[in-house]
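# Descriptive structure summary
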Amino acid sequence: MRSMLTGMFLLLLSANTAANDVHRWTANNGQLVMEDIPAIPASLPQTLSRYQNIRSARFAGWSEDSRHIFIKTRFGLVKQLHRVDVPGGARYQLTYGREPIGEVVGQPNNHQLAFTRDKGGDEFDQVFLLDSENGMTRMLSDGSALNNRMAWDRQGRHLAYRSTRRNGRSNDIWIQNVESTDNATLLHKADDGALWKPVDFSRDGQKVLIQQFISVADSRIYVKDMNTGALRLLAGNAENPASNIAAGFDRTDNYVLFVTNQRNDEAELASINLNGPADITFVSSRGGWDISRFTLSPDRKRGVFISNEGGVSRLYLLDPERMTYKLVDSIPLGLLSDLVFSPDSKKLGMTLNSASSPNDAFVLDLGRKPLTYKKLTRWTYSEVGGLDTRKFSMPVAVNFPSPVDDQRGVIPIPAFVYLPPGDGPFPVIIHVHGGPENQFRPHFNSDFQLWIDQLGAAVIAPNIRGSLGYGPEYITLDNGYQRESAVQDIGALLDWIAQQPLLDENRVAVIGASYGGYIALASAVHFSDRLRASVDRLGISNFVTFLENTQDYRRELRRAEYGDERDPEMRAFLERISPLNNTDKIKIPLFVQQGQNDPIVPMSESEQMVTALREQGQTVWYMNAMNEGHGFHKKENSDLYQQVTFLFLKKFLLGEN
């Protein structure tokens, strides 16, 4: 069916090309379709090669004996799973294929790992079991539905995961005995459109901790009794929505540990007694924390969590019995992720990234007591393409005022500013994150350094209304009918740029992906008189068609954020603010990039926008990857995207051919 649809698309594309005299060519064995994009100068790949040959390594797991680690890294075209035996040692590749590895979860008491992988970026992940000793893999899932968010039981016999196999729409939880040839069975049936996923099993495997995610501001925790089938709500409810994120059962299985903001709108550690009154015990944390990860060791004698403090990750050890914690002060400043305890609970693996260093794997040796630790060891040293990272532009945190319709008058919008060397005034590239429930944090970004070094441009990454990391109210300030308040923040940023002597208000471009792509398009609608160009990567062009065409399993989650298009009043509002219905206001060149197999923001969102812009006589470059989905994950495609973006900005932001 997919090949038939692809063929129909190409026929329609050819017809449209002929009708509108579009210059069309292909690259990467026909997988990249380019429209109205000039040929890449022969010298450009060499000029950009240093920025395109940067590697990274993400921590993915431990060997059964806690001696070796697994990482995800790329030595070919996509990231695969590798084993590293000693710090700084060789990387031994374990998986192969044309598609990158997704989730990785080590099987307890065994040398096998469960991992996910999709096909062509369609995000319909399949679950595989890998024998790390002989490299053999076998598929556990059904081969067609979406399957991910995995959790093992303590014995390593059963794997639970989220799957849409029942009807393609519901985010059910299924469980599978990996020691038998039996198919997975339905563990929890979910028909509410929310995301449900398994989190943890009790020691005897008779209870399962389950997370329900309705929206970024409303998530709930349940425990399911495997014997009776009873489902008990532990935290969260419809009357007082709050974020409640489960970590797991404690050592006795009598308590569940989690993170919540239900008491005072600030993230706090908490526990609840399963065998007594359903009272929650809170552990207060410093104000302003956004705890992004909380996990427990296999023996449950300690835990660890990451807090986002001003955009920087801080790592804390936790004593689950006393519910006390301590900062690990030996971690370099940067962003932490992928926390994985070793099977013997004596080590903690992690991924560390900073503004001057790509992702690499580190290991923290732990002490005998829960709040003690020894040394941090770097296990991987990823290549940076010969770049001198000491010369990288370091971000500066700023705030700019943006108007609000209440007694406050204005609110501060956080942003990070990267400046090139020199006196300016510099052209400006505004980079808007996706989500919208996301947050830009200063991390290693080869695009930024490329634009700074080769274009002499400043880069500003704002966290506009709706971003994570600034409290629960801030997250909701763009919901529903407040959607364009986020676009208004871009206008306020343009006002701020005009007041900065180092920045050139007459040379500004906006770039964004996914929801950030919508912001890039909406900025072109509202601020064409103040912008030079806009780059839309797989962005939403019409909220109504987006909600109607995004995959069934995520539609209700997006309605909670953007509004329900079935309501006539909301539908009219969404149509009114959608960039597709305001193309006559766009007066600047656009570059639109898309993946053919995108299930999140369907390809039709870009196609209809490109067609409408051409009908208005606007300049639009269009790139569509036939073997990608929501983002470019294959190196040959991302390289060409980076090259075309460079040409686009050089021509339309700088005015150079």
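Thresholds applied
Residues numbered from 1 in each chain as written. Predicted model: local features only at pLDDT ≥ 70, side-chain atom pairs only at ≥ 80, totals over all residues. Heavy atoms only, no water. Helix = DSSP H or I, 4+ residues; strand = E, 2+ residues; numbered from the N terminus. Buried < 20%, exposed > 50% of the residue type's maximum accessible area, 1.4 Å probe, protein only. Contact = heavy atoms within 4.5 Å. Lys, Arg positive; Asp, Glu negative; His and termini not counted. Charge placed at Lys NZ, Arg CZ, Asp CG, Glu CD. Pairing = 2+ DSSP bridges. Axes fitted to C-alpha atoms, helices over the stretch in contact; angles between N-to-C directions. Left-handed = near helix turned anticlockwise from the far one by under 90°. Nonpolar A, V, L, I, M, F, W, Y, C, P; charged D, E, K, R; others polar. Core = buried A, V, L, I, M, F, W, Y, C linked by side-chain atoms within 4.5 Å. Phe/Tyr/Trp six-rings, centres within 6.5 Å; stacked < 30°, edge-to-face > 60°. Lys NZ or Arg CZ within 6 Å of the ring centre and 35° of its normal. Right-handed = clockwise from strand over helix to strand, strands pointing away. Salt bridge = Lys/Arg side-chain N within 4 Å of Asp/Glu carboxyl O. Parallel < 35°, antiparallel > 145°, perpendicular 65-115°, else oblique.

### Some words on the overall build of the protein chain
The helix and strand inventory of the protein chain stands at 11 helices and 38 strands. Oriented by its inertia axes, the alpha-carbon framework of the protein chain measures out at about 65 × 60 × 55 Å. Taking all 657 residues of the protein chain together, the buried fraction comes to 58%. Long-range pairs, those at least 24 residues apart, make up 54% of the contacts in the protein chain between residues at least 6 apart in sequence. Taken together, the 70 basic and 77 acidic charged side chains of the protein chain have centroids lying 6 Å from each other.

### Looking at the pairing of strand E30 (residues 373–378)
As judged from the four bridges shared by strand E29 (residues 357–366) and E30, these two strands associate in the antiparallel manner. Bridge pairing links Leu-364 to Leu-376 in E30. As consecutive antiparallel partners, E29 and E30 are separated by six residues.

### Structural notes on the packing of helix H5 (residues 484–498) against helix H6 (residues 515–526)
As a packed pair, H5 and H6 sit with axes 10 Å apart at the nearest point and diverge in direction by 65 degrees. Handedness of the crossing formed by H5 with H6: right-handed. Between H5 and H6, the residues in contact are Glu-484, Ala-486, Val-487 and Ile-490 and Tyr-515, Tyr-518, Ile-519, Ala-522, Ser-523 and His-526, respectively. Taken together, the residues of the contact of H5 with H6 break down into seven nonpolar, two polar and one charged.

### As for the nonpolar core
Ranked by internal contacts, the top residues of the largest apolar core, which has 61 residues, are Ile-430, Ile-460, Trp-496, Ile-497, Tyr-518 and Ile-519. In this structure, Ile-519 is in contact with Val-432, Ile-464, Ala-486, Val-487 and Ile-490, ignoring residues within four places of it in sequence. Membership of the second largest hydrophobic core comes to 43 residues, among which are Leu-32, Met-34, Phe-440 and Leu-653.

### Remarks on the packing of aromatic side chains
Under the criterion given, the structure shown has 28 aromatic pairs. Cluster of aromatic residues (ring-pair linked, three or more members): Phe-591, Trp-621, Phe-632, Tyr-641, Phe-648 and Phe-652. Arg-117 extends its terminal NZ or CZ atom over the ring of Phe-128, reaching a point 5.2 Å from the ring centre. Here the guanidinium or amino end of Lys-651 rests over the ring plane of Phe-652, the centre of that ring lying 5.5 Å away.

### With respect to helix H8 (residues 552–562)
Every α-helical turn comprises 3.6 residues, leaving residues that sit three or four positions apart pointing alike. Of all 11 residues that make up H8, eight are buried, and the element is covered over most of its length. Among the residues making up H8, those that are buried are Tyr-553, Arg-554, Arg-555, Leu-557, Arg-558, Arg-559, Glu-561 and Tyr-562. In this structure, the buried side of H8 is in contact with strand E12 (158–163), strand E15 (195–201), strand E16 (207–215), H6, helix H7 (543–549) and helix H9 (568–577). Immediately downstream of H8, the backbone of Gly-563 shows phi near 115 degrees, a positive value.

### Digging into unusual backbone geometry
Residue Gly-424 is joined to Pro-425 through a cis peptide bond whose omega torsion reads 0 degrees. Position of Pro-425 relative to the elements: it lies in the loop between strand E32 (410–418) and strand E33 (426–432). Backbone torsion omega between Gly-435 and Pro-436 reads 0 degrees, so that peptide bond is classified as cis. Mapped onto the elements, Pro-436 comes out in the loop between E33 and helix H3 (446–455).

### A closer look at the pairing of strand E34 (residues 458–462)
Of all five residues in E34, five are buried; the element is thus mostly enclosed. Side chains of E34 alternate between two faces, with Ala-458, Ile-460 and Pro-462 and Val-459 and Ala-461 buried alike. Two elements, E32 and E34, share four bridges in a ladder whose sense is antiparallel. In the sheet register, Phe-416 faces E34, and the bridge partner there is Ala-461. Once the chain exits E33 it traverses H3 before rejoining the sheet at E34, and the crossover so formed is right-handed.

### A few points about the sheet that holds strand E27 (residues 335–341)
Taken together, four strands build an open sheet; the order of strands is E27-E28-E29-E30 and the sheet is antiparallel. Across the chains shown, the open sheet's two edge strands, defined by having one partner strand only, are E27 and E30. Put simply, the sheet's adjacent strands are angled 25 degrees from each other on average, direction ignored. The sheet contact formed by E27 and strand E28 (residues 347–354) spans five bridges and is antiparallel. Of the residues in E28, the one forming a bridge with Val-340 is Gly-349.

### Some thoughts on the sheet that holds strand E8 (residues 112–117)
In space, the four strands of this open sheet follow the order E7-E8-E9-E10, with antiparallel pairing throughout. Looking at which strands have only one partner, the edges of the open sheet turn out to be strand E7 (104–106) and strand E10 (137–139). Between one strand axis and the next, the sheet turns through 25 degrees on average, direction left out of account. Bridge analysis of E7 against E8 gives three bridges, and the strand direction is antiparallel. Across the sheet, the residue bridging to Gly-106 is Leu-113, located in E8.

### A short note on the environment of Ser-285
Residue placement: Ser-285 occurs in the loop between strand E22 (280–283) and strand E23 (290–296). In sequence terms Ser-285 and Leu-269 are 16 residues apart; their C-alpha atoms lie 7.5 Å from each other. If sequence neighbours within four positions are ignored, Ser-285 has contacts with Ala-267, Glu-268 and Tyr-325.

### Some points on the pattern of salt bridges
On inspection of all chains with the given rule, the structure shows 29 salt bridges. Residues Arg-555 and Asp-552 are paired through a salt bridge, measuring 2.7 Å at the closest nitrogen-oxygen approach. Here Arg-555 pairs with Asp-552, and both are found in helix H8, just three residues apart, close to one helical turn. Given the relative accessible area of 35%, Asp-552 is considered partly exposed. Through salt bridges with shared partners, one network takes in Arg-154, Asp-200, Arg-203, Asp-253 and Arg-300.

### Re the packing of helix H2 (residues 44–52) against H3
Running from N to C, H2 and H3 cross one another at 140 degrees; their axes reach a closest spacing of 10 Å. Comparing their axes, H3 and H2 come out oblique. At the point where H2 passes H3, the crossing takes the right-handed sense. Between H2, through Thr-47, Leu-48, Arg-50 and Tyr-51, and H3, the contact on the second element is made entirely by Ser-446, Gln-449, Leu-450, Asp-453 and Gln-454.

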